[in-house]
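Spelled out, the chains give:
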Amino acid sequence: MARKTREEAEQTRQLLLDTAERVFHEQGVAATSLADIATAAGLTRGAIYWHFSNKLDLFTAICDRIKPELEEMEGMLQDQRHSPAARLWRHAIALFEMVRDDERLRRICAIHHIGCEQVGEMAPLLLEQISWNLEKQAKLQQVLEEAQRAGQLRDGVQPRLAALGLHSLYGGLCHSWMINMQDHTVHQHVESLLSPYFVGVFRDNCWLDAPAADN
């Protein structure tokens with residue numbers, strides 16, 4: 001009986017997360033209460049407060065659902081079968097393909113970009129976003145520093161600034177698509193949109209290299 005209760009509780013939790021994703025996406029985070037989500041899920045307010053202490057707690061749990069996919073993308077940056085520049089290129093292309101193909105990831109990205117004001121009860125998200133940005137930029141910078149040691153960067157390119165530029169390019173392209181999802185220009189031309197950055201940062205198309213031979 002206890003096992004069944006745990007399973008039912010988890011099913012209820014997943015239903016609430018699914019419903020919150022949909023309602024946050026449709027009407028925004030600020031305009032949505034926990035009671036709204038409970039009603040949309042066909043549950044009581046008590047049920048949602050059993051699983052989530054507040055809206056921020058719920059929103060954080062929603063974001064946690066896509067962590068495995070994002071961690072998989074980060075793993076591409078460490079794939080030693082490819083040069084540093086090639087790893088960055090492959091990571092960039094795969095990231096936009098994932099946003100295109102993964103409905104849940106796309107929906108949560110849209111909530112972040114256009115559906116969530118990071119003020120009031122959601123203000124802690126701003127600090128989390130700053131921390132997340134710095135962490136991602138540091139990982140990009142690490143690969144760019146590898147590229148510099150390998151002689152792949154153009155003269156004068158600073159890895160720290162190049163990492164900020166690449167991360168900002170990702171965010172800008174995602175935002176452009178999220179505010180008008182009917183326009184598929186970004187995903188239809190992602191290589192053309194990314195190429196000017198790579199041309200300006202790297203030498204001799206080195207980001208298009210073939211996999212390194214196995215040792």
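Remember, it's a predicted structure, so these values are computed and weren't measured experimentally.

S.K.: Looking at this model, I keep getting lost on the overall build of the protein chain. Mind explaining?
M.R.: Helix and strand counts for the protein chain stand at 11 helices and 0 strands. Taken from the N to the C terminus, the helices and strands of the protein chain come in the order α-α-α-α-α-α-α-α-α-α-α. Each principal axis of the C-alpha atoms in the protein chain carries an extent, and together these give about 60 × 40 × 30 Å. Across the protein chain, the fraction of contacts at a sequence separation of at least 24, relative to all contacts at a separation of at least 6, is 71%. Surface summary for the protein chain: the accessible area is close to 11,900 Å², and the carbon and sulfur share equals 52%. Computing the positive centroid from 22 side-chain charges and the negative centroid from 30, the protein chain places the two 2 Å apart.

S.K.: Looking at this structure, I do not really get helix α11 (residues 190–201). What am I missing?
M.R.: Two residues of an α-helix separated by three or four positions point the same way, owing to the 3.6 residues in each turn. A rise of 1.5 Å per residue sets the reference length of α11, with its 12 residues, at 16 Å; its end C-alpha atoms lie 17 Å apart and thus fit the reference within 8%. The complete set of buried residues in α11 reads V190, L194, Y197, F198 and V201. Along the axis of α11, the buried residues cluster in a sector spanning 95 degrees; they form a single face. Of the exposed residues in α11, those oriented more than 90 degrees away from the buried face are S192 and P196. Among the structural elements, α6 (84–101), α8 (124–149), α9 (159–178) and α10 (185–188) are those in contact with the buried residues of α11.

S.K.: I would appreciate a short explanation of the state of the cysteines in the present structure.
M.R.: Disulfides are covalent bonds that link the sulfur atoms of two cysteine residues. Under the counting rule described, the total for this entry stands at 0 disulfides. C116 supplies the cysteine sulfur nearest to C63, a cysteine that is in no disulfide, at a spacing of 8.0 Å. By relative accessible area, which is 13% here, C116 ends up buried.

S.K.: Any chance you could explain the packing of aromatic side chains here in plain terms?
M.R.: Within a pair of aromatic rings, the relevant descriptors are the distance that separates the centres and the angle that separates the planes. Applying the stated criterion across every chain, the model contains 8 aromatic pairs. Between W89 and W207, the aromatic rings sit 6.4 Å apart at their centres with planes inclined by 50 degrees, giving tilted as the arrangement. Of this pair, W89 sits in helix α6 while W207 sits in the segment after α11, placing them 118 residues apart in sequence. A single burial state applies to W89 and to W207, both of which are buried. Geometrically, the ring pair formed by F96 and Y170 is edge-to-face, given 6.1 Å between the ring centres and 75 degrees between the ring planes. Note that F96 is positioned in helix α6 and Y170 in helix α9, a separation of 74 residues in sequence.

S.K.: Please explain the UniProt feature "domain: HTH tetR-type" (unreviewed entry) in the protein chain as it appears in this structure.
M.R.: Using the residue numbers shown here, the UniProt feature "domain: HTH tetR-type" (unreviewed entry) corresponds to residues 10–70. Between the C-alpha atoms that bound residues 10–70 there is a distance of 23 Å. The span itself is 75% helix and 0% strand.

What counts, and at which threshold
- Residues numbered from 1 in each chain as written.
- Predicted model: local features only at pLDDT ≥ 70, side-chain atom pairs only at ≥ 80, totals over all residues.
- Heavy atoms only, no water.
- Helix = DSSP H or I, 4+ residues; strand = E, 2+ residues; numbered from the N terminus.
- Contact = heavy atoms within 4.5 Å.
- Areas by Shrake-Rupley, 256 points an atom, 1.4 Å probe, with all protein chains shown as cover.
- Lys, Arg positive; Asp, Glu negative; His and termini not counted.
- Charge placed at Lys NZ, Arg CZ, Asp CG, Glu CD.
- Expected span 1.5 Å × (residues − 1).
- Buried < 20%, exposed > 50% of the residue type's maximum accessible area, 1.4 Å probe, protein only.
- Arc of directions from axis to C-beta.
- Disulfide = S-S within 2.5 Å.
- Phe/Tyr/Trp six-rings, centres within 6.5 Å; stacked < 30°, edge-to-face > 60°.
- UniProt positions renumbered as here; feature names shortened; annotations may be inferred.

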